[in-house]
Amino acid sequence: DATLTRLPLTVCQTQGGDSSKVVPVLATWLLTQLAAKSLDDLEDQQAHPAGWSAPRSLNVATALLFVAHLALDRLLEDGVGAETVQRIRIRLDQARLAACAGQHEDLAISTDDGAITPDRWLQIAERKSGALLGWAAEAGASVAGADEATCTAFHSYGCCLGVLLQVADDYRDLWAAAAPHDLL
């Protein structure tokens, strides 16, 4: 997990970028991860580790998403071009919407009469986790000044990591206590 937490930084460094310039992307990534985890726990009806109520957890997660978006303003102050920052923001919005769509589909499965297919499960995993990890990797490459083909390749790499992470998480949940979980 520590490697995935540093994903934008690691990608920026592999592309020869200035590590200090990727800090706002790293902050956005970490805040988005915290919010997504909190929201996923709420949707899976799992209690917040600090014992917060569901409304408080929802409010904090929402605030984290807003703060995460604002953190990207620092990129402009650090000398990252306005066009690059705008592309990073748009791709973040797209990734968040994809994650929400994946989570919505995951929630809808519990009311479906039919069984989920492996292909549908992988599509949901790609939306829920792949889209966000794809963004994190692509954003790190963008801040480093990588060309579009390289940014696209890092996006695909992050997407694959996200799918693997979601599959591992779902598999681990199968062996957990009787709490609700995604794969069930």
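Refer to the structure printed above.
## Points about the overall build of the chain
Consideration 1: For the chain, the count of helices and strands is eight helices and zero strands.
Consideration 2: Put simply, the chain runs from its N terminus to its C terminus through helices and strands in the order α-α-α-α-α-α-α-α.
Consideration 3: Taken against the 2.2 N^0.38 rule, which gives 16 Å for 184 residues, the C-alpha radius of gyration of the chain at 17 Å falls within 12% of a compact globule.
Consideration 4: For the chain, the spread of C-alpha atoms along the three principal axes comes to 50 × 35 × 25 Å.
Consideration 5: Among the 184 residues that make up the chain, the fraction classed as buried is 39%.
Consideration 6: As displayed, the chain has an accessible area near 10000 Å², and 61% of this comes from carbon and sulfur atoms.
Consideration 7: Across the chain, the 13 positively charged side chains and the 24 negatively charged ones have centroids separated by 5 Å.

## Here's the deal with the environment of A136
Consideration 1: Examined against the element boundaries, A136 turns out to sit in helix 7 (residues 118-143).
Consideration 2: Sequence spacing of A136 and V25 is 111 residues, and the spatial spacing of their C-alpha atoms is 7.6 Å.
Consideration 3: Leave out the neighbours within four places in its chain, and A136 touches L7, P8 and W29.

## Section: helix 2 (residues 7-14)
Consideration 1: Listed in full, the buried residues belonging to helix 2 are L7, P8, L9, V11 and C12.
Consideration 2: Lining the buried residues of helix 2 we find helix 1 (2-5), helix 3 (23-43), helix 7 and helix 8 (148-174).

## Points about the nonpolar core
Consideration 1: One finds V25, W29, L75, I88, W135 and V143 to be the most contacted residues of the largest nonpolar core, which totals 29 residues.
Consideration 2: Of all the secondary-structure elements, those providing two or more residues to this core are helix 2, helix 3, helix 6 (82-109), helix 7 and helix 8.
Consideration 3: With nine residues, the top contributor of residues to this core is helix 7.
Consideration 4: Not counting residues up to four positions away in its chain, the partners in contact with I88 are L72, L75, W135, A139, S142 and V143.

## Re helix 8
Consideration 1: For helix 8, which comprises 27 residues, the first-to-last C-alpha distance of 39 Å matches the rise-based estimate of 39 Å (1.5 Å per residue) to within 8%.
Consideration 2: All buried positions along helix 8 are accounted for by C151, F154, G158, C159, G162, V163, Q166, D169, D170 and D173.
Consideration 3: Looking at the packing, one finds that the buried side of helix 8 touches helix 2, helix 6 and helix 7.
Consideration 4: Where helix 8 starts, the residue carrying a side-chain oxygen 3.2 Å from the main-chain nitrogen of A149 turns out to be D147.

Rules used in this analysis
Residues numbered from 1 in each chain as written. Predicted model: local features only at pLDDT ≥ 70, side-chain atom pairs only at ≥ 80, totals over all residues. Heavy atoms only, no water. Helix = DSSP H or I, 4+ residues; strand = E, 2+ residues; numbered from the N terminus. Rg over C-alpha atoms; globule rule 2.2 N^0.38 Å. Buried < 20%, exposed > 50% of the residue type's maximum accessible area, 1.4 Å probe, protein only. Areas by Shrake-Rupley, 256 points an atom, 1.4 Å probe, with all protein chains shown as cover. Lys, Arg positive; Asp, Glu negative; His and termini not counted. Charge placed at Lys NZ, Arg CZ, Asp CG, Glu CD. Contact = heavy atoms within 4.5 Å. Core = buried A, V, L, I, M, F, W, Y, C linked by side-chain atoms within 4.5 Å. Expected span 1.5 Å × (residues − 1). Polar contact = N/O pair within 3.5 Å; in protein donor to acceptor, adjacent residues only side chain to side chain.

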